[in-house]
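# Residue-level structural notes
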Amino acid sequence: MDKSDKGKNKKLPIAFFDSGVGGLTVYKEVKKLLPNENYLYFGDTLNMPYGEKTQTELIEIARKIFDFFKRQNVKAVVMACNTTSAMTYDILKNDYDFKIYPIIQSVAKVMSSLPIKKLGVFATPATINSHAYSREINKLNPTINVAEIACPAWVRIVEENRLNQPQSIEQIKEKAQEMLKNTPEKIILGCTHYPYLTEVLNQFFNKENLIDPSKAFAKFIKNDLELCGLLNDTNSHSEKFYVSSNPENFKIASKLFCELKELPELIKL
Ligand code: DGL
């Protein structure tokens, strides 16, 4: 079946996934632009952090998640995760009959048109080692110099609700100082968990120089669904959350970006 035929049923859900609460930073922006949609969100907390996994492991995980969404009969899947976008999108993109939106590839155009010469990227070790950001941006604009820095500790700080602990602030400061040595004009938060750390990051960077790509990503998704005639034009809207471990923790950790009315459903893929 053609991807757009599948979506002719405009009421079908748009699904999101990430290793945990990070993808909610994207979900929040998409929901703002598209309030009349049916949404599914899967937080793969059992396999968190993705950024420390191999490509083979990430592909196996992503396939299970895509297969789950296929059974849920979704019209689109949003990879609200930079790591899986970098490591699995190219391998899986033709294997499913719904639309697939990877964050890095979807925002590269906007990021490459920034009127700057020096750009910084904070991301997980897997994303940084893949050089997905510098590759995608320099393909479109080779004049931007991209400094990429891996921040292995940051995802756990968010998932374990340790945002304001002195040790967390120290770990963030260490990477911030490393980044400042590159004198970037703007810095991309290249992991969807990092916007949870904005308050601490603002101690080291000017607020307006930190870029959360989720806004540009949400616009991209809206425009593309619109172009493909896939937007829900009825008044029905719903949301359903799933996790692969520890639903209580997910509900607490998600608070900065999403108030869950009930606990997410625990599922095993
Ligand atoms: N939030 C994801 C990302 O954007 C994955 C973080 C992780 O689990 O390491 O890369």
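So, a few notes on the structure that sits alongside this text. These numbers were taken from a predicted model, which means no experiment stands behind them.

## A look at the sheet that holds strand E10 (residues 265-266)
With respect to topology, 6 strands assemble into an open sheet ordered E4-E3-E1-E2-E9-E10, the strand pairing being parallel. Strands at the two margins of the open sheet, each flanked by one partner only, are strand E4 (99-102) and E10. Inspection of the sheet shows strand E1 (residues 14-18) paired to strand E2 (residues 38-43) by 5 bridges, in the parallel sense. Directly across from alanine 15, in E2, lies its bridge partner leucine 40.

## A few points about the packing of helix H2 (residues 24-33) against helix H12 (residues 214-227)
Contact pair H2 / H12: the axes reach a minimum separation of 8 Å and the direction vectors enclose 45°. Here H2 lies oblique to H12, going by the angle between them. At the point where H2 passes H12, the crossing takes the right-handed sense. Note on element contacts: H12 touches H2 through Ser214, Lys215, Phe217, Ala218, Lys219, Ile221 and Lys222, opposite Thr25, Val26, Glu29, Val30 and Leu33. Its residues assigned to classes, the contact of H2 with H12 shows 6 nonpolar, 2 polar and 4 charged.

## Considerations on the site of the ligand
Neighbouring residues of the ligand: 13 residues in total, closest Ser19, Tyr50, Gly51, Asn82 and Thr83. A distance of 2.9 Å is found between a nitrogen atom of the ligand and a side-chain nitrogen or oxygen belonging to aspartate 18. Threonine 192 is positioned with one of its side-chain polar atoms (N or O) 2.9 Å from a nitrogen atom of the ligand. Isolated, the ligand exposes 300 Å² of accessible area, and the fraction of that covered by the protein chains is 99%. Counted by class, the shell around the ligand contains 5 nonpolar, 7 polar and 1 charged residues.

The rules behind each value
Residues numbered from 1 in each chain as written. Predicted model: local features only at pLDDT ≥ 70, side-chain atom pairs only at ≥ 80, totals over all residues. Heavy atoms only, no water. Pairing = 2+ DSSP bridges. Helix = DSSP H or I, 4+ residues; strand = E, 2+ residues; numbered from the N terminus. Axes fitted to C-alpha atoms, helices over the stretch in contact; angles between N-to-C directions. Parallel < 35°, antiparallel > 145°, perpendicular 65-115°, else oblique. Left-handed = near helix turned anticlockwise from the far one by under 90°. Contact = heavy atoms within 4.5 Å. Nonpolar A, V, L, I, M, F, W, Y, C, P; charged D, E, K, R; others polar. Near = heavy atom within 4 Å. Polar contact = N/O pair within 3.5 Å; in protein donor to acceptor, adjacent residues only side chain to side chain. Areas by Shrake-Rupley, 256 points an atom, 1.4 Å probe, with all protein chains shown as cover.

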